[in-house]
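Coordinate analysis (summary)
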Amino acid sequence: MSSSDNVPVAPPFRGHTCRELYKAIFESDTPEQVVRQLPAQSLFMVIKHQGLAASSDLVAMASLEQCRLLSDLDLWRGDTLNEEALWEWLALTDETDSLEILQKVVKFIDLKLLAIMISKYVETKVFDDAVDQPPGEGFHTPDKGFTWIGIKTDNPEHHFLLARLLALIFESSAELFYQLLATSSVATVSMLEEESYQERTKRLAAEGVPEAEATALIHAPFSLAEARTDLSARSQRLIIEDIRSIEPLVYEARSTRYFAELMRRVTDHEEVELELSYIMNAAVVRWGIDFSEQERVLLLAEKVKGAINIGLERVTADGTSTVADAYRSLGLTKLYRLGLTELAALRRKAQRIPHDVVQKLAEEDKVLFSTAACALEPFPEMPLFLSDDGSVAREGGALTSGQRPIESVQALTTVHGLLDKISDAAPVNPVA
């Protein structure tokens, strides 16, 4: 890219995609310093890309606060603890199989989550006087017979991991060991889970993951007429502050034509990256996707870029405003809302088609059936076989499988036309 494009040169440690960022970390003279300068979410995406088991070196270099946020991003499925992910963290070790990583996990993880695991998988017997014989098969004592614990799982790996964890906690801090046993006996799993989830939500909000109210505002309808009014008034876009941009979230997902042009036209890329990171995180919350599901997160990121692209295309179509003008007045948030409003109108049209009509198309016209099914998605998309101009791609005589984001006004018009074709041939349900 030439200097005439006014693109600032990024420092050596800044990478765009997960792969580039991982490479930049270990090509640096001070990898730990680089890791600790990264937003936790950027580091998380790199770790998910590499796999947690292969990323113990990154976890070892990260600060405790970064690691706490890594666990916040990875250990939840909706508002429920993702136990399989937690077992993976408890299994994490370094090349020498030392317990240093596990010791670090105990320092940064929300102890309520460990109390949940103890409550579910550990039976505890406490005696006022030491007891020589175990109270049942499989029980063992860490304190010469005053406390006996039995691990209740048929999974041998989980049994080993939990036994190792409890032994490490007792050896490191007997006070913490007894505290966890006591917590698990007086608080229910649902109580611990709810409290932990609420605390996690607040921590992530401080890192740029909006809570429900802010997310709703980012996804509120915004019309083309409103956008043109703001452009005519030369309104100033809202500036997002006090958070950091997540480069892999921005650049791992493919860019659309208008977004690429915007990045060529603006001089402050970091402001664009920051606002787009915030919108994408809001979309993850809005559409109920877990941050640990990286493939789904990146697909959603492409859909977000597609909606922004539609917004940019709409407001610049009459030639009175450039892409840069639109960004200065509307920012990415209003452009996203505009594109999303247009996609919502498409979904409403699909919803008005009777369900039995759509199902009948599964046998009669797979092109129309797939188009309608994709348009009915909460965040509408289009079949991969359908090009923006309406032509259909086939592989070996069969329709190309898969879905893709709707990223242009032409694609939007094509899908509208196909839905109209279905509607013209069938009764239409009243508007919901």
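Before reading further, recall that the structure is shown in the block above.
These numbers come from a predicted model, not from an experiment. In this convention, every chain numbers its residues from 1, walking through the sequence in written order. Two thresholds apply to this predicted model, a pLDDT of at least 70 for residue-level local features and 80 or more for giving and counting side-chain atom pairs, whereas whole-chain, interface and lining totals are computed over all residues. Only hydrogens and water are set aside; all other atoms, that is, all heavy atoms of the structure, feed into the side-chain values.

Considerations on the sheet that holds strand S3 (residues 122-126)
We count it as follows: We treat two strands as partners when DSSP finds at least two bridges between them. Secondary structure counts use DSSP, requiring at least four H or I residues in a row for a helix and at least two E residues in a row for a strand, with both numbered from the N terminus. Whether two residues are in contact is decided by their heavy atoms: any pair within 4.5 Å suffices. In this analysis an axis means a line fitted to C-alpha atoms, helices contributing only their contacting stretch, and an angle means the value between N-to-C directions, from 0 to 180 degrees.
Ordered in space as S3-S5-S4, the three strands form an open sheet in which the pairing is antiparallel. This sheet does not close on itself; its edge strands, each paired only once, are S3 and strand S4 (139-140). In terms of strand pairing, S3 meets strand S5 (residues 147-151) through five bridges, oriented antiparallel. From the neighbouring strand, Val122 faces S5, where its bridge partner is Ile151. Contacting S3 and S5, helix H8 (residues 111-121) crosses the sheet at an angle of about 80° to S3. Strand contacts of helix H9 (residues 156-172): S3 and S5, with the helix running at about 155° to S5, the strand carrying the most contacts.

Notes on the pattern of salt bridges
The criterion, for reference: Whenever a carboxyl oxygen of Asp or Glu lies within 4 Å of a side-chain nitrogen of Lys or Arg, that contact is scored as a salt bridge.
Counted under the stated rule, the structure contains 21 salt bridges. Each of Asp110, Lys112 and Glu199 takes part in a single network of salt bridges with overlapping partners.

Some thoughts on the packing of aromatic side chains
Threshold: Note on ring pairs: Phe, Tyr and Trp rings are taken, using the six-membered ring of Trp, and paired if centres are within 6.5 Å. Classes follow the plane angle, with under 30 degrees stacked, over 60 edge-to-face and the rest tilted. We call a charge positioned over a ring when the NZ of a Lys or the CZ of an Arg lies within 6 Å of the ring centre and within 35 degrees of the ring normal.
In total, this model carries eight aromatic pairs according to the counting rule given. Aromatic pair Phe170 and Phe177: ring centres 5.1 Å apart, planes at 80°, arrangement edge-to-face. Ring-pair connections join several aromatic residues into one group, and the members of that group are Phe170, Phe177 and Tyr178. Positioned over the ring face of Trp287 is Arg286, at 4.2 Å from the centre of the ring.

What about helix H18 (residues 323-351)?
Counted only if it meets this: Here the expected span of a helix is defined as 1.5 Å times the quantity of residues minus one. Bend, at a single residue, is the angle you get between axes fitted to the 7 residues ending at that residue and the 7 residues starting at it.
Over its 29 residues, H18 extends only 33 Å from the first C-alpha to the last, a length that falls short of the 42 Å expected when each residue adds 1.5 Å. At Gly331, H18 is bent by approximately 90°, the largest bend along its length.

Nothing here speaks to function; it is all geometry.
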